Amino acid sequence: MSKQIWKPATILNPVPVVMVTCADMDGKPNIITLAWAGTINSEPPMLSISVRKERYSYQLIKEKGQFVVNLTTRKLAFATDYCGVKSGREVNKFEMMKLTPEKASKVDVPLIKESPINIECIVQSVIQLGSHDMFIARIEAVNVDEGLIDEKGKMHLEKAGLICYSHGEYWGLEKPLGYFGYSVAKKKTVTRRKKK
Ligand SMILES: Cc1cc2nc3c(=O)[nH]c(=O)nc-3n(C[C@H](O)[C@H](O)[C@H](O)COP(=O)(O)O)c2cc1C
């Protein structure tokens, strides 16, 4: 396979696309769509988001030191895009997209009721990288739609209809190709999983 050498670019794909909620000091909420977001630590659970200084949401997140990461779904794809092209300086994105702000459990920023998973975060530090500032945050609570939890308490995230972002497009997830460790799984495990 021959390859061309291209200049450095943000080509890591696919990436998550999330709707981050934030609020000003008077409690007025806003939503910003972000693709530069990722898990960065397991214990304690931490994630990062990278935001340009010129975004309306930047100041809100900086001042409050709190935000909520709301996972996006097929149903929320249109709103996800809208919240990534319109500014909270001009429009109320909750109202325009008919989304419901709901009280979070650990942070003073509302979550989006229509999103199946809401991750409540408190900022630990901010790193200036260049075009973006990276907010390193600790996950304080995770809100899970009860419709995704079975009678044994297991979460079925595959039912949420999550989407990702790849090369300028929103993509739905297709069928799973394997599971963690399937390349080395014992025959017994494979049979047990098939029966499920
Ligand atoms: C798919 C997508 C991904 C985006 N990712 C980022 C990002 O990671 N960081 C960022 O600062 N802006 C990102 N944006 C742009 C902001 O969402 C956009 O400028 C938004 O209108 C800012 O809203 P605000 O002014 O209300 O804060 C993204 C937009 C889209 C559509």
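## Regarding the nonpolar core
In step 1: Core analysis: the largest hydrophobic core is formed by 25 residues, its most contacted members being Val20, Ile49, Val51, Ile61, Phe67, Val69 and Phe135.
In step 2: Mapped onto this core, the elements with two or more residues apiece are strand E2 (18-23), strand E3 (29-34), strand E5 (46-52), helix H1 (56-64), strand E6 (66-71), strand E9 (117-128) and strand E10 (132-144).
In step 3: Residues contacting Val69, with those up to four places away along its chain left out, are Val18, Met19, Val20, Leu47, Ile49, Ile117, Asn118, Ile119 and Cys121.
In step 4: In terms of nonpolar packing, the next biggest core, distinct from the first, is built from ten residues, Met19, Ile31, Cys83 and Ile112 among them.

## Section: a positive patch on the surface
In step 1: Together, Lys152, Lys154, Lys186, Lys188, Arg192, Arg193 and Lys196 make up a positively charged patch on the protein surface.
In step 2: Structurally, Lys152 can be placed in the loop between E10 and strand E11 (163-166).

## Structural notes on the site of the ligand
In step 1: Around the ligand, the surrounding shell holds 22 residues, and the nearest of these are Thr33, Ser57, Lys86, Ser87 and Gly88.
In step 2: Separating an oxygen atom of the ligand from a backbone N or O atom of Arg52 is a distance of 2.9 Å.
In step 3: At a separation of 3.3 Å, an oxygen atom of the ligand approaches a polar backbone atom of Tyr56.
In step 4: When the free accessible area of the ligand is taken as 650 Å², the share hidden by the protein chains comes to 89%.
In step 5: Mapped by element, the contributors of at least two residues to the shell around the ligand are E3, E5 and H1.
In step 6: Per-element tally for the shell around the ligand: the top contributor is E3, with four residues.

## Some details on the pairing of strand E4 (residues 37-41)
In step 1: In the sheet, E4 pairs with E5 via four bridges, with the strands oriented antiparallel. Across the sheet, Gly38 pairs through a bridge with Ser48, a residue of E5.
In step 2: Hairpin connection between E4 and E5: a loop of four residues separates the two successive antiparallel strands.

## Observations concerning the sheet that holds E11
Each strand in a sheet pairs with another by means of backbone hydrogen bonds, the pair being arranged parallel or else antiparallel.
In step 1: Within the open sheet, the three strands sit side by side as E1-E11-E12. Their pairing is antiparallel. Both outer strands of the open sheet, strand E1 (15-16) and strand E12 (169-172), are each paired with one neighbouring strand and no more.
In step 2: Note that E11 and E12 share four bridges and pair antiparallel. Within E12, the position partnered with Ser166 by the bridge is Glu169.

## Thoughts on the packing of aromatic side chains
In step 1: By the definition in use, this model includes three aromatic pairs.
In step 2: Between Tyr165 and Tyr170, the ring centres sit 5.3 Å apart and the planes meet at 45°, which makes this aromatic pair tilted.
In step 3: According to the relative accessible area criterion, Tyr170 is partly exposed, its value standing at 32%.
In step 4: Here the aromatic rings of Tyr179 and Tyr182 are separated by 5.9 Å at their centres, their planes lie at 50°, and the arrangement is tilted.
In step 5: By relative accessible area, which is 23% here, Tyr179 ends up partly exposed.

## Side note on the environment of Cys83
In step 1: Note that Cys83 resides in the loop between helix H2 (77-82) and helix H3 (93-96).
In step 2: Once the C-alpha coordinates of Cys83 and Pro29 are considered, the two residues, 54 residues apart in sequence, prove to be 12 Å apart.

Calculation rules
- Residues numbered from 1 in each chain as written.
- Predicted model: local features only at pLDDT ≥ 70, side-chain atom pairs only at ≥ 80, totals over all residues.
- Heavy atoms only, no water.
- Core = buried A, V, L, I, M, F, W, Y, C linked by side-chain atoms within 4.5 Å.
- Buried < 20%, exposed > 50% of the residue type's maximum accessible area, 1.4 Å probe, protein only.
- Helix = DSSP H or I, 4+ residues; strand = E, 2+ residues; numbered from the N terminus.
- Contact = heavy atoms within 4.5 Å.
- Patch = residues over 30% accessible without salt bridge, like charges linked within 9 Å, V, L, I, M, F, W, Y side chains within 5 Å.
- Areas by Shrake-Rupley, 256 points an atom, 1.4 Å probe, with all protein chains shown as cover.
- Salt bridge = Lys/Arg side-chain N within 4 Å of Asp/Glu carboxyl O.
- Lys, Arg positive; Asp, Glu negative; His and termini not counted.
- Charge placed at Lys NZ, Arg CZ, Asp CG, Glu CD.
- Near = heavy atom within 4 Å.
- Polar contact = N/O pair within 3.5 Å; in protein donor to acceptor, adjacent residues only side chain to side chain.
- Pairing = 2+ DSSP bridges.
- Phe/Tyr/Trp six-rings, centres within 6.5 Å; stacked < 30°, edge-to-face > 60°.

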